[in-house]
Amino acid sequence: MKSTHRLTPHIGLGSFWIRAILVAMVFGASAVHAAQVQTILVNSEAYGRPMPVAVVLPDRYQTLPDQTFPVAYLLHGAHDDHTAWPEKTKGVTARMADLYQRILVCPTGGPFSWYTDSPDSPAETYIIQELIPFIDQAYRTEKANRWLTGLSMGGYGSLKLGLNHPDRFAAFVGQSPCIDPGRWKTNWELDKALGPAAERQSLVTTESLKRWANAKRPFGIIIGTDDFFYQECVEAQGLWASAGVDFFWQTLPGEHNWDFWTQSLPVVFEYFEKETILQNKEAKWRTVRGNLQNSFRRFTEDKVGRVAYLGGSITQNPGWQNRVSAWLQERFPETAFEFINAGIASTGSTPGAFRLENDVLSKGRIDLLFEEAAVNDLHNMRSPVEQIRAMEGIVRHAREANPLMDIVFLYFAEPRHTADYAQGRTPDIIANHEKVAHHYDITSLHLAQEVHDRMDQGQFNWERDFMNLHPSPFGQRLYYRAIRGLLESMFQESPSLSKVTPSPLPDPLDPQCYSRGKFAPLASAEALKGFQIKPDYHIDNGGGTRGGFTDTTLLIGETAGSSFELPFQGRAVGLFVAAGPDAGILEYRIDDGPVRELDTFTPWSAGLNIPWAYILDADLPAGDHRLFVELTNRKNPNSKGHALRIRNFLINESESQ
């Protein structure tokens with residue numbers, strides 16, 4: 001499919017103007033979720049003619065019209081042109097645009113320009129002074145965090161342009177670069193591009209060493225071990241290493257060909273992402289308590305590991321936890337891992353404490369547990385007492401099951417959390433969770449504070465980059481990078497592997513914490529009147545549903561006067577329900593206590609059968625009790641009915657049980 005459009009940025013660059021004409025759509029035009037490659041012509045005053053450029057737009061560029069995107073520049077090698085990267089990498093270039101949500105710009109440098117200014121080719125002036133400003137005006141770009149890479153001649157160009165213009169590029173890497181052109185004399189018309197001083201254009205001299213050391217940008221080389229430029233790259237690596245310069249160095253099996261560059265491009269982009277915007281090198285966003293010695297030993301010596309993720313939708317949705325799992329498997333390649341995603345949307349610490357047994361601990365010995373609940377504890381309006389009881393209950397229950405279990409608390413970003421940080425205070429919910437973390441010596445990762453601090457520094461913003469408390473792919477990668485950085489540092493700093501250390505259980509902060517939380521069977525209910533246990537029940541009341549809360553077994557009452565009784569043993573009792581558009585008002589009594597009323601219609605029930613944990617009483621004396629529940633003929637003004645749909649009974653058992 002071909003189409004023609006005009007891109008006419010209004011910019012003034014000296015005495016000339018630039019206009020680009022979209023002349024071809026190479027591929028992906030009809031795909032909803034696929035990168036699109038545009039070929040544009042950029043009128044250049046430096047060259048005195050239009051210059052073709054291939055621009056690869058990530059899949060979300062068209063679907064998110066208000067979002068800006070970072071840019072990466074890809075330089076081709078000798079004999080090639082702007083079409084090389086998009087057409088010769090078997091789709092890898094387009095996949096990089098989608099994976100990293102970057103605009104990729106592939107200019108033509110002429111067959112032998114060497115990306116330098118010469119009588120025949122003003123390539124450096126064109127790219128730095130004309131092309132980059134044009135791209136930033138014609139497309140919705142982020143002007144910071146610009147990447148630069150290239151192959152062969154383009155590898156030389158990437159290193160030289162990056163070194164000459166570190167203000168323009170956040171990171172630059174040469175792939176299979178010619179780094180010492182003086183060795184090659186007239187090959188590839190080096191004498192024309194660099195002139196008689198070609199031997200002085202080497203990027204690996206002691207004179208250039210100070211410039212490399214002062215570049216203050218991530219840079220480096222990736223080279224195939226059978227490449228004819230390999231030796232000079234090794235010499236550069238040796239020079240930089242001996243001088244203590246921090247740089248990227250990667251060798252892979254391969255020659256000077258497209259098979260190698262097809263596999264090297266993802267490696268380079270992975271390095272770029274790690275070292276630039278998504279890199280978390282700040283210890284101030286971590287509170288390290290104790291160590292992760294036990295899980296590290298389990299992964300390295302026993303070569304088995306079971307890792308669980310307990311949380312809400314930010315955990316349940318694909319994103320950071322998938323990447324952490326993949327990295328752990330890569331980090332410990334000989335370890336047989338099992339990963340448990342126990343995220344359930346809309347649930348926080350209270351339902352987490354009661355479902356821990358069923359959703360996590362029943363799967364077997366857990367070696368490493370990630371727990372996040374701060375965002376949903378805020379939205380679910382859990383009281384400070386509930387927050388501490390629930391988080392403490394999760395920790396005590398987990399460590400009673402396995403005293404060697406390592407635990408990490410995660411605090412994800414939420415607009416109201418960032419507002420708290422902007423006023424110089426820690427959000428109350430995170431402070432409450434931290435009381436538990438401190439008491440039990442648990443490491444925590446303050447992602448909410450990192451997001452605030454870095455937005456405050458202008459590195460990214462909420463509307464464009466995160467977009468939602470359910471983070472964009474950018475936000476998910478930032479979370480992953482921070483978690484990975486924490487694990488890398490703690491695994492490296494772990495003590496000797498020969499010793500395991502059970503975690504002590506101090507006296508509880510709250511003796512009524514949910515440390516024995518569990519599900520009780522729906523069949524435990526007695527004296528059913530109007531209530532029925534319905535297997536595989538499909539909720540069809542006009543509201544959305546969550547997985548696991550429809551098409552499953554539910555105890556259901558839908559008419560006023562319906563009732564049941566529940567005998568139980570424990571210190572707390574509650575209901576885990578799907579509270580939808582017809583959620584009703586119930587009355588309940590425990591033993592001979594007073595009759596109390598509960599409106600089960602939540603602020604979200606009008607459009608969603610939301611999973612909700614109602615704790616009816618959490619301060620009961622240990623022992624036997626009986627719960628009485630009856631649906632009333634009253635209802636919330638916004639509700640359409642009197643229904644109560646119970647997925648689980650919640651019981652905090654007595655210590656003696």
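Residues numbered from 1 in each chain as written. Predicted model: local features only at pLDDT ≥ 70, side-chain atom pairs only at ≥ 80, totals over all residues. Heavy atoms only, no water.

## Considering the overall build of the protein chain
Consideration 1: Each helix and strand in the protein chain was counted, giving 20 helices and 29 strands.
Consideration 2: Counting every position in the protein chain, which comprises 657 residues, the buried fraction comes to 60%.
Consideration 3: By sequence separation, contacts in the protein chain at least 24 residues apart represent 78% of the contacts at least 6 residues apart.
Consideration 4: Accessible surface for the protein chain amounts to roughly 25800 Å². Of this, 49% is attributable to carbon and sulfur atoms. (Helix = DSSP H or I, 4+ residues; strand = E, 2+ residues; numbered from the N terminus. Buried < 20%, exposed > 50% of the residue type's maximum accessible area, 1.4 Å probe, protein only. Contact = heavy atoms within 4.5 Å. Areas by Shrake-Rupley, 256 points an atom, 1.4 Å probe, with all protein chains shown as cover.)

## Some points on the sheet that holds strand 18 (residues 443–446)
Sheets are built from strands paired through backbone hydrogen bonds, the pairs being either parallel or antiparallel.
Consideration 1: Spatial ordering of the open sheet is given by 13-18-17-16-14-15, a layout of six strands whose pairing is mixed. Of all strands in the sheet, those bounded by a partner on one side alone are strand 13 (286–287) and strand 15 (336–343).
Consideration 2: Sheet analysis places strand 17 (residues 406–411) next to strand 18, joined by four bridges and oriented parallel. In the strand pairing of strand 18, Val408 is matched with Thr443.
Consideration 3: Sheet strands touched by helix 10 (residues 293–302): strand 14 (304–311), strand 15, strand 16 (368–372) and strand 17. Its angle to strand 14, the strand with the most contacts, is close to 140 degrees.
Consideration 4: Packed onto the sheet, helix 20 (residues 473–492) meets strand 13, strand 16, strand 17 and strand 18 and runs at close to 145 degrees relative to strand 18. (Pairing = 2+ DSSP bridges. Axes fitted to C-alpha atoms, helices over the stretch in contact; angles between N-to-C directions.)

## Comments concerning the pattern of salt bridges
Consideration 1: Taken as a whole and assessed by the stated rule, the structure comprises 33 salt bridges.
Consideration 2: Measuring nitrogen to oxygen at the nearest pair gives 3.0 Å for the salt bridge that ties Glu587 to Arg634. Linking Glu587 in strand 25 (residues 585–590) with Arg634 in the loop between strand 28 (624–631) and strand 29 (644–652), this pair joins segments that are 47 residues apart in sequence.
Consideration 3: Look at Arg634 and you get partly exposed, because its relative accessible area is 34%.
Consideration 4: Residues joined by salt bridges that share partners form a network here, namely Glu270, Glu273, Arg477, Arg481, Arg484 and Glu488. (Salt bridge = Lys/Arg side-chain N within 4 Å of Asp/Glu carboxyl O.)

## Description of helix 15 (residues 384–401)
The α-helix winds at 3.6 residues per turn, so residues separated by three or four positions along the chain end up facing the same way.
Consideration 1: Between the first and last C-alpha of helix 15 there are 26 Å, a value that for 18 residues agrees with the 26 Å anticipated at 1.5 Å per step.
Consideration 2: Counting buried positions over the 18 residues of helix 15 gives 14, a clear majority of the element. (Expected span 1.5 Å × (residues − 1).)

## Some points on the pairing of strand 3 (residues 36–44)
Consideration 1: For strand 3, a buried count of seven out of nine residues is recorded, marking the element as mostly surrounded by other parts of the structure.
Consideration 2: Relative to strand 4 (residues 49–57), strand 3 runs antiparallel, the two sharing nine bridges. Across the sheet, Gln38 pairs through a bridge with Val55, a residue of strand 4.
Consideration 3: Counting the residues that bridge the hairpin from strand 3 to strand 4 gives four residues, and of these Gly48 lies at a positive phi of roughly 75 degrees.

## Quick word on the environment of Val55
Consideration 1: Here Val55 is to be found in strand 4.
Consideration 2: Note: C-alpha distance between Val55 and Pro86 (31 residues apart in sequence) is 9.0 Å.
Consideration 3: Excluding anything up to four places from it in sequence, Val55 contacts Gln36, Val37, Gln38, Ile40, Ile103, Leu104, Ile135 and Tyr139.

## Considering the packing of helix 18 (residues 447–456) against helix 20
Consideration 1: It is at 11 Å that the axes of helix 18 and helix 20 come closest, and there the two elements cross at 120 degrees. Judged by the angle between their axes, helix 18 and helix 20 are oblique. You can see that helix 18 and helix 20 cross each other, and the crossing is right-handed. Contacts from Leu447, Glu450, Val451 and Arg454 of helix 18 reach helix 20 at Leu478, Tyr479 and Ala482. (Parallel < 35°, antiparallel > 145°, perpendicular 65-115°, else oblique. Left-handed = near helix turned anticlockwise from the far one by under 90°.)

## As for helix 5 (residues 153–164)
Consideration 1: Here helix 5 spans 16 Å end to end across twelve residues, near enough to the 16 Å set by a 1.5 Å rise per residue.
Consideration 2: Buried residues dominate helix 5, accounting for eleven of its twelve residues.
Consideration 3: Of all the residues in helix 5, the buried ones are Met153, Gly154, Gly155, Tyr156, Gly157, Ser158, Leu159, Lys160, Leu161, Gly162 and Leu163.

## Some points on the sheet that holds strand 23 (residues 563–569)
Consideration 1: A sheet is described by the order of its strands in space; here five strands give the open sequence 20-23-28-25-26, paired in antiparallel fashion. Edge positions in the open sheet fall to strand 20 (526–529) and strand 26 (596–599), since each of these has one partner strand only. Recorded for the sheet is a direction-independent mean angle of 25 degrees between the axes of neighbouring strands.
Consideration 2: Two strands pair when backbone bridges link them, and strand 25 and strand 26 are joined in this way by four bridges, in the antiparallel orientation. From the neighbouring strand, Tyr588 faces strand 26, where its bridge partner is Arg596.

## Describing the side chain of Gln387
Consideration 1: Its location among the elements puts Gln387 in helix 15.
Consideration 2: Given a relative accessible area of 2%, Gln387 falls into the buried group.
Consideration 3: Ignoring anything within four residues of it in the chain, the contact list for Gln387 reads Ser349, Asp377, Arg382, Asp428, Ile429, Asn432 and His433.

## A short note on the state of the cysteines
Consideration 1: Under the counting rule described, the total for this entry stands at zero disulfides.
Consideration 2: The thiol sulfur of Cys178 is not disulfide-bonded, and the nearest other cysteine sulfur, from Cys233, lies at 8.4 Å.
Consideration 3: Cys178 gets classed as buried once you look at its relative accessible area, which sits at 0%. (Disulfide = S-S within 2.5 Å.)

## Focus: the packing of helix 3 (residues 92–100) against helix 9 (residues 258–275)
Consideration 1: Two elements in contact, helix 3 and helix 9, have axes whose closest approach is 10 Å; the angle formed by their N-to-C orientations is 20 degrees. Looking at the two axes, helix 3 sits roughly parallel to helix 9. For the pair helix 3 and helix 9, the crossing hand works out as right-handed. Of helix 9, the residues touching helix 3 (which contributes Val92, Thr93, Met96 and Tyr100) are Thr262, Leu265, Pro266, Phe269, Glu270 and Glu273.

## Some remarks on the packing of aromatic side chains
Consideration 1: The full count for this structure, using the stated rule, is 40 aromatic pairs.
Consideration 2: Here the aromatic rings of Tyr100 and Trp147 are separated by 6.1 Å at their centres, their planes lie at 70 degrees, and the arrangement is edge-to-face. Note that Tyr100 is positioned in helix 3 and Trp147 in strand 9 (residues 147–151), a separation of 47 residues in sequence.
Consideration 3: Taking relative accessible area as the criterion, Tyr100 reaches 5% and is therefore assigned buried.
Consideration 4: A residue is classified by how much of its surface remains accessible, and Trp147, at 2% relative accessible area, is buried.
Consideration 5: Taking 4.9 Å as the distance between ring centres and 45 degrees as the angle between the ring planes, the aromatic pair formed by Phe354 and Tyr514 counts as tilted. (Phe/Tyr/Trp six-rings, centres within 6.5 Å; stacked < 30°, edge-to-face > 60°.)

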